[in-house]
Amino acid sequence: MNSNIYRTIILFSFLSFILIFSPDLFAQKKNNKFTIVIHGGAGYISKDIPEQLKQNYLNSLTEALNIGKDILANGGTSIDAVEKVINYFENNILFNSGKGAVFTSEGKHELDASIMQGKDLSSGAITGVTIIKHPISLARLVMEKTDYILFAGKGADDLGIQLGVDIVPNSYFHDSTNYQKWINTQLPKQKGETVGCVALDQFGNITAGTSTGGRQNKTPGRVGDSPIIGAGTYADNNTCGVSATGIGELFIKNTVAFNISALMEYKGYTLNQACDEMIYKKLPADSGGIIALDKDGNYEMPFNTFSMMRGVANSSGLFKVDISK
Ligand code: ASP
């Protein structure tokens, strides 16, 4: 008798422990639906871009989108999808994040990233890191492992070392003749190809993330919108998730990502109306664009620049990438 009681108590404690510490294990799949949107930056990709370079961009966007789509299709979480998609971009020299980060006016690299979860409005961000190979992964750890939201400069680099993320010398980001050539000759007006991803998983959770080297030739210490929650990144399961790209100062000034969510929450706008309001009415022309999705899987990818690299996939078989209008 006694041993039965003990057994019941132990079983009950074990189940309570699992429920408290691993609630995701028991999270119900809401449905089999998912949506994912990605961007590889807004800018000035010309119509006359060499065919091979265009193909390289389209192939890279396709690979990135496939990584996220597969995670979501297999029942993975939106935060894993967002992190892994952005990790892919951070390894790809064609994009202004991680390895391909642009140069400061001193010829160095300072990287920014942020990530936010719509289920509880938790977020993590880092700015001005110089030795972190995957800024988005450190932003995620800031969210998951610290009591804070935003780390800057040396403190952020040191946190990365302490938390055991991949560390590289700042020269790692210099790579490349290729990248320099690309900046100097092929896309003289480009303003950087920041990357971002927003995903809605089968549990109904939205995550948004953004990673960038900032603006080309920026003054050291300059911080853009990408690591600022509410400006370059925002997510709320009740409204939408947003990741922005463009002239960060304008996105901070207009609190773009949060305002899209706020227009939906406070004014009853649809995602489409809220995005149009911010991108085409509030922001001046040529300032940038966003990718966004709402809790029902509707998506928007508006931009007011000449081009924006982007892609979308969902559980109904939609899969599309593009770089220009
Ligand atoms: N928004 C980024 C920044 O201002 C740059 C970009 O998206 O191209 O740092």
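First things first, this report covers the structure right here in the doc. (Residues numbered from 1 in each chain as written. Predicted model: local features only at pLDDT ≥ 70, side-chain atom pairs only at ≥ 80, totals over all residues. Heavy atoms only, no water.)

Points about helix α2 (residues 51-73)
- If you check α2, its first and last C-alpha atoms are 32 Å apart, about what 23 residues at 1.5 Å a residue would give, namely 33 Å.
- Every buried residue belonging to α2 is among L53, Y57, L58, S60, L61, A64, L65, G68 and L72, and all of these are buried.
- Within two residues after α2, G75 carries a phi angle of roughly 85°, on the positive side. (Helix = DSSP H or I, 4+ residues; strand = E, 2+ residues; numbered from the N terminus. Expected span 1.5 Å × (residues − 1). Buried < 20%, exposed > 50% of the residue type's maximum accessible area, 1.4 Å probe, protein only.)

A short note on the sheet that holds strand β10 (residues 299-300)
- Pairing within the open sheet is antiparallel, and its 4 strands lie in the order β7-β8-β9-β10. Lying at the two open borders of the sheet, with one neighbouring strand each, are β7 (233-235) and β10.
- Of the strand pairs in this sheet, strand β8 (residues 240-246) and strand β9 (residues 288-294) are connected by 7 bridges, and their pairing is antiparallel. Counted as the bridge partner of V242 is A292 from β9.
- Packed on one face of the sheet, helix α8 (residues 256-267) meets β7, β8 and β9 and runs near 145° to β8.
- Against the sheet, helix α9 (residues 271-282) touches β8, β9 and β10, its axis set at about 165° to β9. (Pairing = 2+ DSSP bridges. Contact = heavy atoms within 4.5 Å. Axes fitted to C-alpha atoms, helices over the stretch in contact; angles between N-to-C directions.)

Let's talk about the nonpolar core
- In terms of nonpolar packing, the biggest core is built from 48 residues, with I36, I38, Y57, F89, F95, I126 and I323 touching the most fellow members.
- If near-sequence neighbours (up to four positions away) are discounted, I323 is found in contact with I45, I49, K54, Y57, L58, L61, S307, M308, M309 and R310.
- With 32 residues, the next largest nonpolar core counts A42, M116, I260 and L263 among its residues. (Core = buried A, V, L, I, M, F, W, Y, C linked by side-chain atoms within 4.5 Å.)

Quick notes on the site of the ligand
- Contacts to the ligand come from 12 residues, most closely from T194, R222, D225, T245 and G246.
- Here a nitrogen atom of the ligand and a side-chain polar atom of D225 are 2.7 Å apart.
- A distance of 2.9 Å separates an oxygen atom of the ligand from a polar backbone atom of G248.
- In isolation the ligand exposes 270 Å². Once the protein is present, 100% of that is buried. (Near = heavy atom within 4 Å. Polar contact = N/O pair within 3.5 Å; in protein donor to acceptor, adjacent residues only side chain to side chain. Areas by Shrake-Rupley, 256 points an atom, 1.4 Å probe, with all protein chains shown as cover.)

As for the pattern of salt bridges
- By the definition in use, this model includes 9 salt bridges.
- Among the ionic pairs, E83 bridges to R140, the shortest N-O distance being 2.7 Å. Residue E83 is found in helix α3 (residues 78-90), and its partner R140 is found in helix α4 (residues 135-145); the two are separated by 57 residues along the sequence. There is no split in this pair, since E83 and R140 are both buried.
- Between E277 and K281 there is a salt bridge, and its shortest N-O distance comes to 3.7 Å. With E277 and K281 both in helix α9 and 4 residues apart, this pair spans about one turn of that helix.
- Looking at E277, the relative accessible area reads 21%, which means it is partly exposed. (Salt bridge = Lys/Arg side-chain N within 4 Å of Asp/Glu carboxyl O.)

Things to note about the pairing of strand β2 (residues 111-117)
- Among the 7 residues that make up β2, 7 are buried, leaving the element largely enclosed by the rest of the structure.
- Going residue by residue along β2, you find L111, A113, I115 and Q117 tucked away on one face and D112, S114 and M116 tucked away on the opposite face as well.
- By the bridge criterion, 5 bridges tie β2 to strand β3 (residues 123-129) in an arrangement that is antiparallel. Residue pairing in the sheet places A113 in a bridge with I126 of β3.

Examining the side chain of R222
- You can see R222 is positioned in the loop between β6 (206-212) and β7.
- Judged by its relative accessible area of 17%, R222 is buried.
- In this structure the side chain of R222 is engaged in a polar contact, spanning 2.8 Å, whose partner is the side chain of E249.

Section: the environment of L283
- Looking at the element boundaries, L283 is found in the loop between α9 and β9.
- Exposure remark for L283: the relative accessible area of 4% places this residue in the buried category.
- Remark: the alpha-carbon pair of L283 and N304, spanning 21 residues in sequence, is separated by 8.5 Å.
- The contacts of L283, once residues within four sequence positions are left out, are L250, F251, N254, V256, M278 and N304.

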